[in-house]
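Working through the structure, step by step
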Amino acid sequence: MAKYFAHPTAIVESDKIGDDTKIWAYTHILKGVVIGANCNIGDHCFMENGVKVGNQVTIKNGNMLFEGIELEDGVFVGPHVFFTNDLFPRSPRLPEASKRYIDHSWFKPTLIKHGASLGAASVILAGSVIGEYATIGAGAVVTKDIPSYSLVVGNPSRQIGWVCQCGLRLEDLGKTFQCKSCGKGYVLDNKTLKLI
Amino acid sequence: MAKYFAHPTAIVESDKIGDDTKIWAYTHILKGVVIGANCNIGDHCFMENGVKVGNQVTIKNGNMLFEGIELEDGVFVGPHVFFTNDLFPRSPRLPEASKRYIDHSWFKPTLIKHGASLGAASVILAGSVIGEYATIGAGAVVTKDIPSYSLVVGNPSRQIGWVCQCGLRLEDLGKTFQCKSCGKGYVLDNKTLKLI
Amino acid sequence: MAKYFAHPTAIVESDKIGDDTKIWAYTHILKGVVIGANCNIGDHCFMENGVKVGNQVTIKNGNMLFEGIELEDGVFVGPHVFFTNDLFPRSPRLPEASKRYIDHSWFKPTLIKHGASLGAASVILAGSVIGEYATIGAGAVVTKDIPSYSLVVGNPSRQIGWVCQCGLRLEDLGKTFQCKSCGKGYVLDNKTLKLI
């Protein structure tokens, strides 16, 4: 039997919700959604069939996750992050566009990898892969894949630095990068940041 | 008798909803709203008195439509598009500003024309007219009128190309523009794109 | 006894709501929230413990106010303004980040001062102070403190002018600034705009 919590005003149609997960007010989870254990999902969220959420994920208020959005373990989704799954949308009810919606060729999935953070009101274009522990700044518009540990901001987003697994910005020591808070060190290996 | 569907948690106060339209969870439609037939309106939407929606319109989740917003037939409104109707807002309850709200001179309507698409989290400033079949990119901030068939992105938005009636980007063949998918051809006539 | 109005679908857990305040559909106010008199709070809002709202405040639909957000008297919050209280967020459930969330050192409060206006879909980064009567344009991303009476737009936000207490843009008369609508005059004194 399910050992998760759902607020009385939430609608949870899925039976694949992990233990100790909390689902708050006015949130609607459709039948085909899979959510892991020990997650927290804020008020006014929506998850469509085909969404996958790992364990230990925090989803703040007002997030609408559509088919094809996958969040790996430990991801943070700030308030009102905007996901998409169609790069050139039209109303499927518009006769001039309806042929494009007969099959699923319009569809592009999005993957948010382990430990990444999506800042408030950031926009993630369909088809993007956000690397492990990357941080998307508040209000950034992501139009391409984002490397692990990178910190990006702006519209369109551009990289302005690197962040630690703990979330804080890394200090550039010349040959290595270091977190002043937790002490972890990193090195660039062929443009990829790696833990030392 | 109305032949539309409303989710049990939706509040529909208008009696002017067209046949076969669907209204989903936690959505609130005020009394003075007019909605056409065969529309789909997602969860967590709000429509204020004075809103007009045509036929075959798709409105994704989290859209708040205020007085003066009009959507023609076949429009696509992505998740969380942000509409406004006042370019210099203040709290009408603030004594220093209350005189401006005695009449309706603060008010500017917005028109989204036939078949246009508004990308996720785009912002449409009050008073804008979005031309037929135009596409507003995700996260774009629209501060002026947008020509028919144009594709705009960024903050503030700028044009980066043209799109077909079906929604896909047009290829520039020099003297004409063509859709590789549906084959339609277009030509520029005095800065206005027209179907050949 | 409370003399405020709450829509039947709203959840109001706080008993510190001022007279004549209105709280609309699907809005959730937690127990530790303090709201003044004569406010209007739209549909689909959320207020977390520790939020303070003054008198005569207008909060449009879809606003999520988290711990540490304070709105002084007469503030206008447009539809879907995005607040934050953590500059480098991670899921507190992620083991690599959980130490950062043992205490409250991650927390940064935000203050919106008397009579200021936050445009639709603007983003206010944690730790910002928005000066009296300042106006944040729709879709602007605020990354620092904003001076009183200033008008800012863009991502990141930059100042493009000054606004009157009534909300309209001020005309630059060379040595002074004037509001064509209400007639108020202002002068710059050491980079600070002041009412004459």
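Remember, it's a predicted structure, so these values are computed and weren't measured experimentally.

How each quantity is defined
Residues numbered from 1 in each chain as written. Chains lettered and ligands numbered in written order. Predicted model: local features only at pLDDT ≥ 70, side-chain atom pairs only at ≥ 80, totals over all residues. Heavy atoms only, no water. Contact = heavy atoms within 4.5 Å. Buried area = accessible area lost by both parts, 1.4 Å probe. Salt bridge = Lys/Arg side-chain N within 4 Å of Asp/Glu carboxyl O. Polar contact = N/O pair within 3.5 Å; in protein donor to acceptor, adjacent residues only side chain to side chain. Nonpolar A, V, L, I, M, F, W, Y, C, P; charged D, E, K, R; others polar. Least-squares fit on C-alpha atoms with pLDDT ≥ 70 in both. Disulfide = S-S within 2.5 Å. Buried < 20%, exposed > 50% of the residue type's maximum accessible area, 1.4 Å probe, protein only. Phe/Tyr/Trp six-rings, centres within 6.5 Å; stacked < 30°, edge-to-face > 60°. Helix = DSSP H or I, 4+ residues; strand = E, 2+ residues; numbered from the N terminus. Pairing = 2+ DSSP bridges.

With that out of the way, let us pick up the interface of chain A and chain C. Many descriptions give the size of an interface as the accessible area lost when the pieces come together. Counting from both sides, the interface comprises 42 residues of chain A and, opposite them, 32 residues of chain C. When the area that chain A buries against chain C is broken down by residue, the three leading residues are Tyr-26, His-44 and His-80 of chain A, summing to 20%. Where chain A packs against chain C, one counts zero salt bridges. Here chain A and chain C share 18 residue pairs in polar contact (both at pLDDT 80 or more) between them. Looking at the side of chain A that touches chain C, its residues break down into 19 nonpolar, 20 polar and three charged.

With 42 residues of chain C in contact, the opposing surface of chain B contributes 32 residues. Across the chain C to chain B interface the summed buried area is about 2,700 Å²; carbon plus sulfur atoms make up 61%. Three residues, Tyr-26, His-44 and His-80 of chain C, lead the burial of chain C against chain B; their summed loss comes to 20% of the area buried on that side. Joining chain C to chain B, the criterion identifies 18 residue pairs in polar contact (both at pLDDT 80 or more). By residue class, the composition of the side of chain C that touches chain B is 19 nonpolar, 20 polar and three charged.

What follows concerns the relation of the copies chain A and chain C. For the match of chain A to chain C, the screw axis carries a shift of 0.0 Å, the RMSD comes to 0.0 Å, and the turn is 120°. The transformation relating the two chain copies, once decomposed into turn and shift, fits a three-fold axis.

Our focus in this paragraph is the relation of the copies chain C and chain B. Its rotation angle being 120°, the transformation that places chain C on chain B also includes 0.0 Å of axial translation and leaves an RMSD of 0.0 Å. Little of the interface of chain C is mirrored in chain B: 17% of its interface residues are interface residues there too.

Residues and elements named next belong to chain B. All told, the structure shown has zero disulfides over all chains when counted by the stated rule. In this structure Cys-39 is a free cysteine whose sulfur lies 12 Å from that of Cys-45, the closest cysteine sulfur available. Classification of Cys-39 by relative accessible area gives buried; the value is 2%.

The subject of this paragraph is the packing of aromatic side chains. In this structure the tally under the stated criterion is 27 aromatic pairs over all chains. Note on Phe-82 of chain A and Phe-82 of chain C: the rings are 5.7 Å apart at their centroids and 65° apart in plane angle, and the pair reads as edge-to-face. With Phe-82 of chain A in strand β13 (residues 82–83) and Phe-82 of chain C in strand β13 (residues 82–83), this pair bridges two chains. Accessibility assignment for this pair places Phe-82 of chain A and Phe-82 of chain C in one class, buried. Aromatic pair Tyr-101 of chain B and Trp-106 of chain B: ring centres 5.8 Å apart, planes at 45°, arrangement tilted. Of the two residues, Tyr-101 of chain B and Trp-106 of chain B, neither departs from the other in class, the shared state being buried. Taken together, the ring pairs in this structure connect Tyr-26 of chain A, Tyr-26 of chain B together with Tyr-26 of chain C into an aromatic cluster.

As a general point, the strands of a sheet are linked pairwise by backbone hydrogen bonds and lie either parallel or antiparallel. Residues and elements named next belong to chain B. Sheet architecture is open: four strands sit in the order β22-β23-β24-β25, paired in antiparallel fashion. On the outer flanks of this sheet lie β22 (171–172) and β25 (192–195), each paired with one strand and no other. In the sheet, strand β23 (residues 177–178) pairs with strand β24 (residues 185–189) via two bridges, with the strands oriented antiparallel. Directly across from Gln-178, in β24, lies its bridge partner Gly-185.

Time to look at the pattern of salt bridges. Residues and elements named next belong to chain A. Counting across every chain of the model gives nine salt bridges over all chains. Among the ionic pairs, Arg-100 bridges to Asp-86, the shortest N-O distance being 3.6 Å. Placement of the pair is Arg-100 in the loop between β13 and β14 (110–112) and Asp-86 in the loop between β13 and β14, with a sequence separation of 14 residues. Classification of Arg-100 by relative accessible area gives buried; the value is 11%. Between Lys-194 and Asp-189 there is a salt bridge, and its shortest N-O distance comes to 3.3 Å.

Residue Asn-155 of chain A is joined to Pro-156 of chain A through a cis peptide bond whose omega torsion reads -5°. Inspection of the secondary structure assignment puts Pro-156 of chain A in the loop between β20 (150–153) and β21 (158–162). Positive phi values are uncommon outside glycine, yet His-80 of chain A reaches one of about 55°. Along the polypeptide, His-80 of chain A turns up in the loop between β12 (76–77) and β13. Under the relative-accessibility criterion, His-80 of chain A is labelled buried at 2%. In this structure, Asn-38 of chain C takes a positive phi of about 55° despite not being glycine. Here Asn-38 of chain C lies in the loop between β5 (34–35) and β6 (40–41).

We now examine the sheet that holds strand β24 (residues 185–189) of chain A. As summarised here, the arrangement of the four strands in space is β22-β23-β24-β25 (chain A), forming an open sheet in which the pairing is antiparallel. Each edge of the open sheet is held by one strand with a lone partner, namely β22 (171–172) and β25 (192–195) of chain A.

Turning our attention to the side chain of Ser-122 of chain B. All names here are of chain B. Summarising the element assignment, Ser-122 is placed in the loop between β15 (117–118) and β16 (123–124). Accessibility expressed as a relative area gives 0% for Ser-122, which makes it buried. Apart from residues no more than four positions distant in its own chain, Ser-122 is found in contact with His-80, Val-81, Phe-82, Ile-136, Gly-137, Gly-139 and Ala-140.

Remember, this is a structural readout, not a statement about activity or role.
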